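Chain residues, written in single-letter form:
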Amino acid sequence: MGAYIALIYGVIVFAILVIIGLVRFIFSQEKGNEKMQEIAGAIREGAMAFLNRQYKTIGILALIVAIIIIIANYFGNLSKGSSQAASIAFHIGFAFITGALCSAISGYLGMYIAVNSNVRAAAGARKGLNRALQIALRGGAVTGLAVTALSLLGVATLFLLYGGASGKENLIKEAPSLIVGFGFGASFVALFAQLGGGIYTKAADVGADLVGKVEAGIPEDDPRNPAVVADLVGDNVGDCAGRGADLFESTAAENIGAMILGVALYPVFGWKGILFPLVARAIGIVSSVIGLFFVNTKDESKDPMKALNKGYFVTTILNLIVLVFVVKAMLSGKLPNGQEVNWWLLYGCAVTGVVLSYIFVWLTDYYTSYHYRPVQEISRASTTGPATNIITGMSVGMESTALPVIFISIAIYIAYKLGEHALPGFANGGLYGTAIATMGMLSTCAYILAMDTFGPITDNAGGITEMSGAPEEVRNVTDRLDACGNTTKALTKGYAIGSAALATFLLFSAYLDEVKKILGRPLESWFSVDIGKPEVFIGAFIGAMIVYLFSSTAIRAVGRAAQYVILEVRRQFKEIPGIMEGRAKPDYAKCVDIVTKGALKEMVVPGMIVVIAPILVGILLGKEAAAGFLMIGTIAGVILALFLNNGGGAWDNAKKFIELGNYGGKRSDAHKAAVVGDTVGDPCKDTAGPSLHVLVKLISTITLVFVSLFR
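All values derive from a computational prediction rather than experimental measurement.

**Section: the packing of aromatic side chains**
In this description, a pair of aromatic rings is defined by centroid distance and the angle of the planes. Per the counting criterion, the structure on display carries 22 aromatic pairs. Residues Y370 and F657 carry aromatic rings whose centres are separated by 6.0 Å and whose planes lie at 35 degrees to one another, so their mutual orientation is tilted. Residue Y370 is found in the loop between α11 (343-368) and α12 (373-381), and its partner F657 is found in helix α21 (residues 623-659); the two are separated by 287 residues along the sequence. Using a relative accessible area of 13% as the deciding quantity, one classes F657 as buried. Grouping aromatic residues by their ring pairs yields a cluster made of F96, F184, F188, F192 and F706. Over the ring of F25 we find R138, and its NZ or CZ is 4.6 Å from the ring centre.

Shown next as structure tokens:
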């Protein structure tokens, strides 16, 4: 075990050193002129102020939940004796706090670097596309590496502290169950970070667009718009801190779920089956770093997306090559009947996950890019008004759920069957195959997250160049990067929901394993969930309902907060003379403060609904009903997230397609209709949709933590 532990911590140190190097590179770049620095300073100040206030709110909620976790697990495990119950409760509670803290740190670091990279990317655009591309992507890479390295560090360290380093079989097998609190802590912070950030960014965006573009007829990011700085702040708090926390908890929860499944295969692989997910994650970090340094574009006229795709391709190929040796070294062995494990089939599971990630990226691009039929159809429908735009956009969003669900189903089936054939006779063999597929899909997580954070950095860079009055050739560079960033953000959402779908199947299986332990059944046995039982059917029904209730409250929260922004912008246009002529400066800080208060206030209710509902179902209706809640809640959550993400992204790019000069171009009736459609899609794709990625994993980690209380 020592060599693999050394490899894991060696990669963590390597990631930290790379982060330091990237930070030094970013801070060594020019910051542009005084006007650019002033605008960037306002964005930075607003973003960090929001994050500080948000984390205080999350911290209070997390402390309350930590106390509840400790009390619940103590009384839930009293049958094992008071001392053992106290030990279990302490370990899970401490893991929860650690997961929450690590998730918050990764989000904070990513935000800090992003709001310092934007002005440098804007200044770099004066020297050409490649310089700005390098600055923006390396700024995003800090987030990607921080998230994946901190997740790996947290899970690995808790595993060792909780018995993994003892060398004793019983303690090694028990450790993964004790660190489930880490995944719950990460999920808890991720939900509120994504939800609060999503409410903030879309309230500001909707308010700025409706009053600025539609009513006043001024361009996007126009410095005369009082909400424009709040809008630029929102890009960071939603897509940097929020998505960073989202993928942090993805990697943490999926590592823990796979480790729990590895316990059932201890007779075959020993500790290697438990440690494999951590080693696979470490390999993915190294491959992502190498892929990052392949991104460049010597031809300034080329689409920057091609350069980013090259880095993604290199990362993927390196992962596939190295995983061959890792799977062979760690997942070879003999079955109890003396038959050799077919590790090639297990490697095929990893390949299945990698292929699924590529398919999801392609499908998301098809449904959200203006190069293809769905978005162009929405643009054409805008020529007859907002109503037909919205009807067509809803249709596209609904259609976009079909192919992803089919491919997720195919991937789960293939991985499950490969695992079954590789490990015949083990009930968890197929499930472990899906765990390996999840590891394969998440092997590129660091690079994907770098591309995601690249989006808000380039978006901010475009806003800074516009507001500072930079020359048109500089604006052209940032516009191209911004368009590329819109694509990467959409692709990341598709990747996140695809990985969430695989992960929740994995976490559902881990929950069933925990139930079998509590009931004293062998892990190799089956625990069936009978949907025909009234309690189970009711639990499943509630699971689907919670997904829609949560989405409703999240979208409504954006509408409420946006109304405050709209009223404030109208007030400033009316009461501050000279704004529209450029003679007076708007009060940007007032809009930032209004959105901050609104977002923090509105995020609490939908978040607590998700936390409380599965616990009540398990306590009142039982373990099997909680499984039904998980099963149907996951299915409904994944499908609705696909609809909201893809529909919202399609509405956004339908507007951009018209702005390129199609169907009348900017300020035409079609453009005004498309702006309305875009504002309808905004809370779908940037608030409710991404928050559902977290919800489907959060309900799984909650049930894992509180399962001892369920009757």
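So, next bit.
**Let's talk about a positive patch on the surface**
Together, K298, K302, K306 and K310 give the surface a local cluster of positive charge. Within the fold, K298 resides in the loop between α9 (271-292) and α10 (304-330). Under the relative-accessibility criterion, K298 is labelled exposed at 81%.

**Here we look at unusual backbone geometry**
With the exception of glycine, most residues fall at negative phi, and the peptide bonds are largely trans. We note that Y663 has phi near 55 degrees; this positive angle belongs to a residue other than glycine. The residue Y663 is located in the loop between α21 and α22 (669-706) in this model. The phi angle at R667 is positive, at roughly 70 degrees, despite the residue not being glycine. Here R667 shows up in the loop between α21 and α22.

**Regarding empty space enclosed by the protein**
A probe as big as a water molecule, rolled over the atoms, marks out the empty space that is left. With the rule as written, the count across this model stands at four cavities of 30 Å³ or more. Around the largest cavity, the lining comprises 14 residues; the ones closest to its centre are N486, A490, K493, G649 and K685. Mapped by element, the contributors of at least two residues to the lining of the largest cavity are α11, α17 (472-519), α21 and α22. Broken down by element, the residue count for the lining of the largest cavity peaks at five residues, all from α21.

**Considerations on the pattern of salt bridges**
In total, this model carries 21 salt bridges according to the counting rule given. With a closest N to O distance of 3.6 Å, E30 and R126 form a salt bridge. Highlighted residues: E30 in the loop between α1 (2-27) and α2 (34-76) and R126 in the loop between α3 (82-124) and α4 (129-164), separated in sequence by 96 residues. The exposure class of E30 is partly exposed, given its relative accessible area of 44%.

**Points about the nonpolar core**
Counting residues in each nonpolar core, the largest one holds 239 residues, and the members touching the most others are F184, F276, L308 and Y511. Looking at which element gives the most residues to this core, the answer is α4, with 20 residues. If we ignore the near neighbours within four places in the chain, the residues touching Y511 are K623, A626, A627, L630, T703, L704, V707 and F710. Counting residues in each nonpolar core, the second largest holds eight residues, with Y367, V375, V396 and A654 among its members.

**Observations regarding the state of the cysteines**
For the coordinates displayed, the defined rule picks out zero disulfides. Residue C102 stays outside any disulfide, its sulfur separated by 15 Å from that of C445, the closest cysteine. The buried category is assigned to C102, whose relative accessible area is 12%. Relative accessible area serves as the criterion here: at 1%, C445 is assigned to the buried category.

Scoring rules and cut-offs
- Residues numbered from 1 in each chain as written.
- Predicted model: local features only at pLDDT ≥ 70, side-chain atom pairs only at ≥ 80, totals over all residues.
- Heavy atoms only, no water.
- Phe/Tyr/Trp six-rings, centres within 6.5 Å; stacked < 30°, edge-to-face > 60°.
- Helix = DSSP H or I, 4+ residues; strand = E, 2+ residues; numbered from the N terminus.
- Buried < 20%, exposed > 50% of the residue type's maximum accessible area, 1.4 Å probe, protein only.
- Lys NZ or Arg CZ within 6 Å of the ring centre and 35° of its normal.
- Patch = residues over 30% accessible without salt bridge, like charges linked within 9 Å, V, L, I, M, F, W, Y side chains within 5 Å.
- Areas by Shrake-Rupley, 256 points an atom, 1.4 Å probe, with all protein chains shown as cover.
- Salt bridge = Lys/Arg side-chain N within 4 Å of Asp/Glu carboxyl O.
- Lys, Arg positive; Asp, Glu negative; His and termini not counted.
- Charge placed at Lys NZ, Arg CZ, Asp CG, Glu CD.
- 1 Å grid on protein atoms, 1.4 Å probe; cavity = no way out; pocket = protein on both sides within 12 Å on 5 of 7 lines; lining within 4 Å.
- Points joined across faces, edges and corners; volume = space filled by probe spheres on them.
- Core = buried A, V, L, I, M, F, W, Y, C linked by side-chain atoms within 4.5 Å.
- Contact = heavy atoms within 4.5 Å.
- Disulfide = S-S within 2.5 Å.

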